[in-house]
Amino acid sequence: MTTTSMSLTRLLQARQIVVVGGGAWCESIIGAARRIGFTGVIVPVHPSGKQIAGLASVPSVADVDGRIDAAFIGVNRKATVQVVRELAALGSGGAVCFASGFSEADAEDSEGRDLQAALVEVAGDMPILGPNCYGFINALDRVAIWPDQHGMAPVERGVAILTQSSNIAINMTMQKRGLPIAYVVACGNQAQTSQADVAMSLLDDPRVTALGLHIEGFGDTAAWHKVALMAWDRGVGIVAIKVGASDQARSGAVSHSASLAGSDAGADALLRRFGMGRVGDVPTFLETLKLLHMEGRLDAPTLSSISCSGGEALLCADTVAASELTLPALDDDQKQALRAALGPMVALANPLDYHTYIWRDVDAMTAAWRPMAADNIGLTLAIVDYPHTDAADWECATQAAIRVRAETGRPVAVVATLPELMPEDISARLMAHGVVPIQGLREAISAAQIASCRTRPSESAPLTGHDMAAGQTMTETEAKFALSAHDLDLPRRIETDLDGLATDAQGLTGPLVLKGVGLAHKSEAGAVKLGLTPEELEAAAIQMPADRFLVEEMIENAVAELLIGVTMDPAHGMVLTLAAGGVLTELLEDRTSLVLPVTEREVEQALTKLKLAKLLDGFRGKPAASRPAIISAVMAVQDYVLKNHPSVIEIEINPLICTPTRAVAVDALITKG
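Description of the structure in this document. All of these numbers come straight from a predicted model, not from anything done at the bench.

**Considerations on the overall build of the chain**
Here is step 1 of the chain: The number of helices and strands found in the chain is 23 helices and 30 strands.
Here is step 2 of the chain: Principal-axis analysis of the C-alpha atoms gives the chain an extent of 95 × 80 × 35 Å.
Here is step 3 of the chain: Residues classed as buried in the chain amount to 55% of the 673 residues present.
Here is step 4 of the chain: Of the contacts made within the chain by residues no fewer than 6 positions apart, 72% connect residues no fewer than 24 positions apart.

Next comes the structure, spelled out in structure tokens:
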């Protein structure tokens, strides 16, 4: 897969489409184009000259009159290569390669890999989607190259969805949530044109309001970095479903689309770096796109909640508590306005349970809801479930939400806790008046959290990852020597053999630590002894399965122990992990990850996300650890990586002993390719 700079405009906005092949799939292409309202020319290509979906075919692409903007190639994999060669020679605008059996095939199928390489070569500068690809639907210009059903209708503006799964794309087009979808593009194997290429093309269209990505593997992270910056500068929010959290999903991704899903921690860190929201399911994906389409980025990570049920208010409060959003307390002006609207019998709080005293009185409901949509609130949620039996009595809530949005100019959403309790006609009406209809309370809060992210993506591109054969692991002494050149704080130490212990350690101040050199898991092997005097070293060393020994001064006054790790992730770059260290690493599983390079501020923010942060800040009157010293240690490790990339496979500092004045690396591992 390569990142191209070619234009996809002719392909995506085609006025003349050729359909190469004669099977049912090719007939479906013509049907899908007609269904979206395509008004251009469709020319079937088949050597027999037979009719396809009522249209007469021509024998070859060379026989097509006029320029070919787009082609659907519905023939076998070997014939596909020849057709692409002919289309490229004619200066065509692009092609969708439907056939499978290329690089996504069995790893032992060298013919498939060779055919994919040949396909890219003959395409030249002509963009191709696929192979193993369904194609695209453009509801803005009413163009579709799509060999199956779809549920899209023409729109004037809307969201773009890119996916590597054609079936997931079909399902998304069938949504009945009021989401206007402008584009759906399936990318298949991405042999030549990547998802990032398509994303940049779509971001050039001012009618695209938000971007949704279903990603199995990132590929070129530098290209995605450009996408992130471009989207930010154009005010287009991005939400992603990134698969690969499970071992099964990672295995499936490799076999399904020749993508490397990589580690889930790396994917999560990379998406955060790019400012792309991550969700784990299709409903939240679609509702987030809807919010981004209507409101763009929210100006605060704060919510107000309005409902006529205490149960719904508590449910909302609990759901928000599990997010990074807040429900700010009411200020005096809000309380005064609410008391005037609701009287003395309603407890005033956020979330607000306004009871049903004012139900059916649109003026009173508007007066009660309006103060909740204050300037400091990013999104106001009015929780309303419309019964599917008779929703006439709920008209007052619809009108109140519309009026509050118009009178305050603030973002307002009407949220149904059950997705089936948001009627399509009500959804369309709310959207027409600028109110966001959201199906699902959890989905609403997840969407708001993503939309409230206002951190611009880092200007620096992430370090690239790549596959690397097994490397050489340095001894602890070698690793510490290498890191000391980058100002990492280390204990005073000596390395010697058994005969030299008594004399070589005389310059060190006890208590001392004795370690056997050359053992990967020293504690398990009985090759670590703590709190020794110089006189006790030799007796302790005799009991260890080692020939050489490292003696270090013990670091006292520890506040906490951390782990600093850097791993080469082929899919996502150099992933930095900060975690609880020492014996607590596996026990607590307390960690957070970033993608290098990072800034000191980003490290500081990452440390606050650890459960261990309370210890670092001084727990129950204990001294706090030196945050500047910890950050300096992380930056020293990063400096080593930057100077030695891309040969670094892994670095681990565990533990980093954090004291009120220092952050000392007492164990270190480096593996280089």
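**Side note on the side chain of T288**
Here is step 1 of the chain: With respect to the helices and strands, T288 occurs in helix α10 (residues 282-295).
Here is step 2 of the chain: Of the residues examined, T288 reaches a relative accessible area of 0% and is grouped as buried.
Here is step 3 of the chain: Once residues lying within four places of it in the same chain are set aside, the contact partners of T288 are V239, V279, A447 and I450.

**So, the pairing of strand β18 (residues 412-416)**
Here is step 1 of the chain: In terms of burial, β18 is largely enclosed, as 5 of its 5 residues are buried.
Here is step 2 of the chain: The side-chain alternation of β18 yields two buried faces, one formed by V412, V414 and A416 and the other by A413 and V415.
Here is step 3 of the chain: Examined bridge by bridge, strand β17 (residues 379-383) and β18 share 4 bridges and lie parallel to one another. Directly across from T380, in β18, lies its bridge partner V412.
Here is step 4 of the chain: The β-α-β motif built from β17, the intervening helix α14 (residues 395-408) and the parallel element β18 has right-handed crossover chirality.
Here is step 5 of the chain: Taken together, β18, helix α15 (residues 424-432) and strand β19 (residues 436-439) form a β-α-β motif whose crossover is right-handed.

**Considering the packing of aromatic side chains**
Here is step 1 of the chain: Per the counting criterion, the structure on display carries 8 aromatic pairs.
Here is step 2 of the chain: Between Y354 and W369 the ring centres are 5.9 Å apart and the planes differ by 65°, which places this aromatic pair in the edge-to-face class. Remark: W369 occurs in helix α13 (residues 362-369) and Y354 occurs in the loop between β16 (352-353) and α13; sequence separation between them is 15 residues.
Here is step 3 of the chain: Overall, the relative accessible area of 1% leaves Y354 in the buried class.
Here is step 4 of the chain: For W369, a relative accessible area of 2% gives the class buried.
Here is step 5 of the chain: Through pairs of rings, three or more aromatic residues link up here, namely W25, F72, F98, Y134 and W146.

**Notes on the sheet that holds strand β6 (residues 95-97)**
Here is step 1 of the chain: Here we have 5 strands laid out as an open sheet, ordered β2-β1-β5-β6-β7, and parallel in their pairing. Of all the strands in the sheet, just β2 (41-45) and β7 (128-129) have a single pairing partner and so form its edges.
Here is step 2 of the chain: With 3 bridges connecting them, strand β5 (residues 70-73) and β6 associate as parallel partners. Within β6, the position partnered with I73 by the bridge is C97.
Here is step 3 of the chain: Sheet strands touched by helix α2 (residues 24-36): β1 (16-20), β2 and β5. Its angle to β1, the strand with the most contacts, is close to 160°.

**Considering a negative patch on the surface**
Here is step 1 of the chain: Residues D497, D499, D504, E538 and D547 make up a contiguous surface patch of negative charge.
Here is step 2 of the chain: Following the sequence through the fold, D504 ends up in helix α18 (residues 501-504).

**Regarding unusual backbone geometry**
Here is step 1 of the chain: A cis amide bond, omega 0°, links G130 with the succeeding residue P131.
Here is step 2 of the chain: Note that P131 resides in the loop between β7 and β8 (136-138).
Here is step 3 of the chain: That bond from H645 to P646 is cis: its omega, 10°, falls within 30 degrees of zero.
Here is step 4 of the chain: Its place among the elements puts P646 in the loop between α23 (627-644) and β28 (648-658).
Here is step 5 of the chain: The phi torsion at N132 lies on the positive side, around 60°, for a residue other than glycine.

**Things to note about helix α12 (residues 332-342)**
Note on helix geometry: an α-helix contains 3.6 residues per turn, so any two residues three or four positions apart are oriented the same way.
Here is step 1 of the chain: Where α12 is concerned, the buried positions are Q334, L338, A341 and L342. Projected down its long axis, α12 carries its buried residues within an arc of 80°, all on one side. Those residues of α12 that are exposed and aimed more than 90 degrees away from the buried face are D332, D333, Q336 and A340.
Here is step 2 of the chain: The inward-facing, buried residues of α12 contact β16 and α13.
Here is step 3 of the chain: Put simply, D331 is the residue that caps the front of α12, since its side-chain oxygen is 3.2 Å from the backbone nitrogen of D333.
Here is step 4 of the chain: In the segment just after α12, G343 is the residue with positive phi, at about 80°.

**Re the state of the cysteines**
Here is step 1 of the chain: Summed over the entire model, instances satisfying the criterion amount to 0 disulfides.
Here is step 2 of the chain: We note that C308 lacks a disulfide partner, and the nearest cysteine sulfur, in C396, lies 8.8 Å from it.

**Quick notes on a nonpolar patch on the surface**
Here is step 1 of the chain: There is a patch of nonpolar side chains on the surface, built from V583, L584, L587 and L588 and spanning about 390 Å² of accessible area.
Here is step 2 of the chain: Turning to its location among the elements, L587 is positioned in helix α20 (residues 584-588).
Here is step 3 of the chain: A residue is classified by how much of its surface remains accessible, and L587, at 66% relative accessible area, is exposed.

**Some points on the packing of helix α11 (residues 310-321) against helix α16 (residues 441-451)**
Here is step 1 of the chain: At their nearest, the axes of α11 and α16 sit 10 Å apart, and the two run at 40° to each other. Judged by the angle between their axes, α11 and α16 are oblique. Crossing angle aside, the handedness with which α11 passes α16 is right-handed. Contact residues: α11 offers L315, C316, T319 and V320, while α16 offers L441, R442 and I445.
Here is step 2 of the chain: Residue composition of the contact of α11 with α16, by class: 5 nonpolar, 1 polar and 1 charged.

**Quick word on the layout of surface pockets**
Here is step 1 of the chain: Computed from the structure, the largest pocket encloses a volume of approximately 1400 Å³.
Here is step 2 of the chain: If you trace the largest pocket, you find 49 residues lining it, with R272, G275, E324, C453 and K609 closest to the centre.
Here is step 3 of the chain: For the lining of the largest pocket, the secondary-structure elements that each account for two or more residues are α7 (221-233), β13 (237-242), α9 (264-274), β14 (277-279), α10, α16, β27 (591-595) and α21 (600-608).
Here is step 4 of the chain: For the lining of the largest pocket, the element with the highest residue contribution is α9, accounting for 6 residues.
Here is step 5 of the chain: Tallied by class, residues from the lining of the largest pocket come to 21 nonpolar, 15 polar and 13 charged.
Here is step 6 of the chain: Approximately 1100 Å³ is the volume found for the second largest pocket.
Here is step 7 of the chain: Lining the second largest pocket are 34 residues, and of these K522, S523, N654, P655 and D667 lie nearest its centre.
Here is step 8 of the chain: Those elements that place two or more of their residues in the lining of the second largest pocket are β22 (512-516), β23 (528-532), β24 (548-553), α20, β28 and β30 (668-672).

**Section: the sheet that holds β22**
Here is step 1 of the chain: With antiparallel pairing, the 4 strands of this open sheet are ordered in space as β21-β24-β22-β23. Looking at strand neighbours, the two that pair on one side only are β21 (493-497) and β23, the edges of this open sheet. Taking the axes of each pair of neighbouring strands and ignoring which way they run, one obtains an average angle of 20° across the sheet.
Here is step 2 of the chain: Pairing geometry for β21 and β24, over 5 bridges, is antiparallel. Each residue of the ladder has a partner; that of D497, found in β24, is R548.

What counts, and at which threshold
Residues numbered from 1 in each chain as written. Predicted model: local features only at pLDDT ≥ 70, side-chain atom pairs only at ≥ 80, totals over all residues. Heavy atoms only, no water. Helix = DSSP H or I, 4+ residues; strand = E, 2+ residues; numbered from the N terminus. Buried < 20%, exposed > 50% of the residue type's maximum accessible area, 1.4 Å probe, protein only. Contact = heavy atoms within 4.5 Å. Pairing = 2+ DSSP bridges. Right-handed = clockwise from strand over helix to strand, strands pointing away. Phe/Tyr/Trp six-rings, centres within 6.5 Å; stacked < 30°, edge-to-face > 60°. Axes fitted to C-alpha atoms, helices over the stretch in contact; angles between N-to-C directions. Patch = residues over 30% accessible without salt bridge, like charges linked within 9 Å, V, L, I, M, F, W, Y side chains within 5 Å. Areas by Shrake-Rupley, 256 points an atom, 1.4 Å probe, with all protein chains shown as cover. Salt bridge = Lys/Arg side-chain N within 4 Å of Asp/Glu carboxyl O. Lys, Arg positive; Asp, Glu negative; His and termini not counted. Charge placed at Lys NZ, Arg CZ, Asp CG, Glu CD. Arc of directions from axis to C-beta. Polar contact = N/O pair within 3.5 Å; in protein donor to acceptor, adjacent residues only side chain to side chain. Disulfide = S-S within 2.5 Å. Parallel < 35°, antiparallel > 145°, perpendicular 65-115°, else oblique. Left-handed = near helix turned anticlockwise from the far one by under 90°. Nonpolar A, V, L, I, M, F, W, Y, C, P; charged D, E, K, R; others polar. 1 Å grid on protein atoms, 1.4 Å probe; cavity = no way out; pocket = protein on both sides within 12 Å on 5 of 7 lines; lining within 4 Å. Points joined across faces, edges and corners; volume = space filled by probe spheres on them.

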